[in-house]
Amino acid sequence: MEILNFIFGLGVAFSIFAFLWGLIMLGVNFLRGFVSDSAQGSRARQIQDYAFRIIKYFLLVSVTANYIIKYQNGFDGKDGEAGWTNLVLGVIVLGLYLMGKLQKRAMLNMISNHPIAGRFTVSIDPKVERYLLSGSLIYFIFCIQYPAMVDNGVVNWFTESIVSIYNTPVFGWIFAIIGFFVLVNIIFRGARVIGSLLTGQPINQPGPTGVFGQPGTNPFEQFRQKQEQREDFVDYEDVTEDEEEEGK
């Protein structure tokens, strides 16, 4: 039960942090305006996107570690520090959460080449995404081991704001519901990861175009390939024109 409460608490922290960061980005986007659709503008938009995402992940990891140290060190942690159980569970939950975010971005990357929809999306680099995920987890471990790294005004403000919003009657109930769904998603994602490890499949369950946009995993495409591999498979051929010529 303590593990579920731990995951639920982090789910609430993740959702409220996303809400606060969304408000900040609304102000940033309003100030910087819209980026042009030229090639240079698209490249600049991609660089800006990664810059803001690095800042976001840096703050998310710092706030998560600070939140665990101050409010969720109920396993084997002491006041002002977290134990090994908190560290291991924190790495697992944070890793699964970030993995889900990267998988969603990989699916959005599918439409980045579309002439119309691509204007509202930014293409991603799979290597950068993997480095960002692994770097976030490594930084999280250091934050848990050295709490002084995240004991500053900015991180404390985010952490205290999360607690204050969650304790607010109406907003707290809303984010509690969101945190519950985050809890369920993390549990199911963890089950899929365990199943993938047991069956020898990739940890990242591919979407319609595979992991990080790699092709060849569309279910309809797989079905067609399996049908072609059957000995009795006959490809469709349009013979309408041949029949009309023979009739003449």
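Residues numbered from 1 in each chain as written. Predicted model: local features only at pLDDT ≥ 70, side-chain atom pairs only at ≥ 80, totals over all residues. Heavy atoms only, no water.

Trainee: Please set out the overall build of the chain residue by residue, giving values where relevant.
Mentor: Counting its regular elements, the chain contains 8 helices and 0 strands. In sequence order, the secondary structure elements of the chain are arranged as α-α-α-α-α-α-α-α. For the chain, buried positions account for 35% of its 248 residues. Relative to all contacts within the chain whose residues are 6 or more apart in sequence, the contacts with residues 24 or more apart total 72%. Just so you have it, the chain exposes about 15700 Å², and 63% of that area is on carbon and sulfur atoms. (Helix = DSSP H or I, 4+ residues; strand = E, 2+ residues; numbered from the N terminus. Buried < 20%, exposed > 50% of the residue type's maximum accessible area, 1.4 Å probe, protein only. Contact = heavy atoms within 4.5 Å. Areas by Shrake-Rupley, 256 points an atom, 1.4 Å probe, with all protein chains shown as cover.)

Trainee: Mind laying out the packing of aromatic side chains, listing which residues take part and the relevant values?
Mentor: Going through the model one piece at a time under the given rule, you end up with 9 aromatic pairs. Ring geometry for F58 versus Y139: centroids 5.2 Å apart, planes at 25°, classification stacked. One end of the pair, F58, is in helix α2 (residues 39-71); the other, Y139, is in helix α4 (residues 126-145), and 81 residues separate them in sequence. Aromatic side chains F142 and Y146 sit 6.4 Å apart centroid to centroid with 20° between the ring planes, which places their arrangement in the stacked category. Its relative accessible area of 46% is what places F142 among the partly exposed residues. Feature note: the residues F17, W21, W157 and F158 constitute an aromatic cluster, connected by ring pairs. (Phe/Tyr/Trp six-rings, centres within 6.5 Å; stacked < 30°, edge-to-face > 60°.)

Trainee: Can you break down α4 residue by residue, with the values?
Mentor: The end-to-end C-alpha distance of α4 is 29 Å, a good match for the 28 Å that 20 residues give at a rise of 1.5 Å each. What α4 keeps buried is the set E129, L132, L133, S136, L137, Y139, F140, C143 and I144. Considered in projection along α4, the buried side chains sweep an arc of 165° and stay on one side of the axis. Away from its buried face by more than 90 degrees, α4 exposes K127 and Y131. (Expected span 1.5 Å × (residues − 1). Arc of directions from axis to C-beta.)

Trainee: Any details on the nonpolar core? Residues and values, ideally.
Mentor: Of all hydrophobic cores here, the largest spans 47 residues; its most connected members are F17, F140 and I162. Those residues within four positions of I162 in sequence are excluded, and the remaining contacts are A13, I16, F17, L20, V63 and Y67. (Core = buried A, V, L, I, M, F, W, Y, C linked by side-chain atoms within 4.5 Å.)

Trainee: Account for the pattern of salt bridges, with residues named and values stated.
Mentor: Under the criterion given, the structure shown has 1 salt bridge. The closest approach of N and O atoms between E129 and R53, which form a salt bridge, is 2.9 Å. You can see E129 sitting in helix α4 and its partner R53 sitting in helix α2, a full 76 residues away along the chain. (Salt bridge = Lys/Arg side-chain N within 4 Å of Asp/Glu carboxyl O.)

Trainee: Got a sec to walk through the confidence of the model for the chain? Specific residues and values, please.
Mentor: When pLDDT is averaged along the chain, the result is 75; 65% of the residues meet or exceed 70. Mean pLDDT in the chain bottoms out at helix α7 (residues 219-229), which sits at 46, and peaks at helix α5 (residues 153-167), which reaches 94. Taken as a whole, residues 233-241 scores under 50 in pLDDT and shows 2 contacts with residues more than four places along the chain or in a different chain. (pLDDT = per-residue confidence, 0-100.)

Trainee: Break down the packing of α5 against helix α6 (residues 169-199) for me, citing the residues and quoting the values.
Mentor: The interhelical angle for the contact between α5 and α6, taken along N-to-C directions, is 100°, at an axis separation of 5 Å. Accordingly, the angle class assigned to the pair α5 and α6 is roughly perpendicular. In this structure, α5 uses I165, Y166 and N167 to contact α6, whose residues at the interface are P169, F171, G172, F175 and A176. Grouping the constituent residues of the contact of α5 with α6 by class yields 6 nonpolar, 2 polar and no charged. (Axes fitted to C-alpha atoms, helices over the stretch in contact; angles between N-to-C directions. Parallel < 35°, antiparallel > 145°, perpendicular 65-115°, else oblique. Nonpolar A, V, L, I, M, F, W, Y, C, P; charged D, E, K, R; others polar.)

Trainee: Just give me the short version of the environment of L183, but keep the residues and values in it.
Mentor: Turning to its location among the elements, L183 is positioned in helix α6. Looking at L183, the relative accessible area reads 10%, which means it is buried. Once residues lying within four places of it in the same chain are set aside, the contact partners of L183 are L4, I7 and F8.

Trainee: Break down the side chain of N66 for me, with residues and values.
Mentor: Mapped onto the fold, N66 is located in helix α2. Discounting chain neighbours no more than four positions away, the residues touching N66 are V150, V155, N156 and T159.

Trainee: Report on α6, specifying residues and quantitative values.
Mentor: With 31 residues, α6 should cover 45 Å at 1.5 Å per step; its first-to-last C-alpha distance of 45 Å lies within 8% of that length. Within the span of α6, buried status applies to G172, F175, A176, G179, V182, L183, I186, R189, G190, V193 and S196. Two residues or fewer after α6 comes G200, characterised by a positive phi angle close to 80°.

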